[in-house]
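In case you want the letters, here they are:
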Amino acid sequence: MKPSYNVAMLPGSFDPPTNGHIDIIERSAVLYNKLFVVVADNVQKKCLFSADERKDMLKKILEKHRNIEVVSYRGLVVEFARDNGVGVMIRGVRALVDFGYEFELAMTNKQLNASLEVLFMPTSPKYFQLRSSAIKEMAAYGADISPMVPPLVVQMMGNRVKLLTQ
């Protein structure tokens with residue numbers, strides 16, 4: 001399928017979705033006619049939530065946005081882009097460390113799909129410190145994560161942490 005530069009995707013594991021993720025997604029959605037939020041279904045990565053759970057959370061959180069479609073995908077995101085006419089991949093970056101990793105990944109993806117453009121979007125300053133791994137750890141110790149994640153995620157994390165600590 002021929003890529004459209006009015007169609008973008010934002011792939012990630014989103015385990016769990018944070019306010020930083022939602023910020024990048026919503027800021028990206030206003031720039032494109034259609035935005036796919038692609039939840040990575042990577043069997044080699046140990047996630048707290050299944051790909052379907054993460055997809056369902058994001059669908060509920062983002063339901064007011066008519067141009068956002070949340071999907072889960074197992075495979076190379078460049079193939080998803082090719083199969084769905086996506087012309088732009090957006091990657092959120094928090095710091096120079098993120099940029100170095102993301103830049104190398106972008107160069108690899110460009111070799112696999114030369115027509116896919118990769119854009120880096122810096123996080124909003126108020127979400128600079130948010131990392132899913134740190135949020136999971138804080139939740140496991142009973143910390144209040146409500147300033148860091150949407151209310152649905154607070155609820156889901158509470159239920160999951162109870163199951164893990166019983």
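What you see as residue numbers is a count from 1 along each chain, following the sequence as written. Per-residue local features are limited, in this predicted model, to residues with pLDDT of at least 70; the limit for side-chain atom pairs, both in listing and counting, is 80 or more; totals at the level of whole chains, interfaces and linings are taken over all residues. Based on all heavy atoms of the structure, the side-chain values leave hydrogens and waters out of the count.

### With respect to the pattern of salt bridges
The term salt bridge refers to a side-chain nitrogen of Lys or Arg lying within 4 Å of a carboxyl oxygen of Asp or Glu. According to the stated counting rule, one finds 10 salt bridges in the structure shown. Between R74 and D41 there is a salt bridge; the shortest N-O distance is 3.3 Å. Taken together, the positions of R74 in the loop between strand 3 (68–73) and helix 3 (77–84) and D41 in the loop between strand 2 (34–40) and helix 2 (51–61) put the pair 33 residues apart, joining distant regions of the chain. A residue is classified by how much of its surface remains accessible, and R74, at 55% relative accessible area, is exposed. Numbering of helices and strands runs from the N terminus, with a helix taken as a DSSP run of H or I at least four residues long and a strand as a DSSP run of E at least two residues long. Each residue's exposure class comes from its accessible area (1.4 Å probe, protein chains only) as a fraction of the maximum for that residue type: buried when under 20%, exposed when over 50%, partly exposed otherwise.

### Let's talk about the sheet that holds strand 1 (residues 4–12)
Criterion used throughout: strands pair if DSSP finds at least two bridges between them. An order of 3-2-1-4-5 is seen for the 5 strands of this open sheet, with the pairing classed as parallel. Here the strands that pair on one side only, and so sit at the sheet edges, are strand 3 and strand 5 (117–122). The mean angle between the axes of side-by-side strands here comes to 30 degrees, regardless of whether they run parallel or antiparallel. Two strands pair when backbone bridges link them, and strand 1 and strand 4 (residues 86–93) are joined in this way by 3 bridges, in the parallel orientation. Here an axis means a line fitted to C-alpha atoms, over the contact stretch when the element is a helix, while the angle between two N-to-C directions is reported on a 0 to 180 degree scale.

### Here we look at the packing of aromatic side chains
The pairing test for Phe, Tyr and Trp rings, Trp by its six-membered ring, is centres within 6.5 Å, and the orientation test on the planes gives stacked under 30 degrees, edge-to-face over 60, and tilted for anything in between. Going through the model one piece at a time under the given rule, you end up with 4 aromatic pairs. Seen from their ring centres, F36 and F80 are 5.2 Å apart, and the 85 degrees between their planes marks the pair as edge-to-face. Placement of the pair is F36 in strand 2 and F80 in helix 3, with a sequence separation of 44 residues. F36 sits in the buried class, given a relative accessible area of 5%. Aromatic side chains F99 and F120 sit 5.0 Å apart centroid to centroid with 70 degrees between the ring planes, which places their arrangement in the edge-to-face category. Of this pair, F99 sits in helix 4 (residues 96–112) while F120 sits in strand 5; the two residues are 21 residues apart in sequence, bridging distant segments of the chain. Classification of F99 as partly exposed rests on a relative accessible area of 33%. A connected cluster of aromatic rings, assembled from ring pairs, spans F36, Y73 and F80.

### Things to note about the pairing of strand 1
Both strand 1 and strand 2 contribute to a ladder of 6 bridges, which runs parallel. Across the sheet, the residue bridging to L10 is V37, located in strand 2. Handedness is read with the strands pointing away from the viewer; a crossover is right-handed when the path from the first strand over the helix to the second is clockwise. At this point the chain moves from strand 1, through helix 1 (residues 19–29), to the parallel strand 2, and the crossover so formed is right-handed.

### Some points on the environment of V97
The topology assignment puts V97 in helix 4. Taking the C-alpha atoms as reference points, V97 and P17, 80 residues apart in sequence, are found 21 Å from one another.

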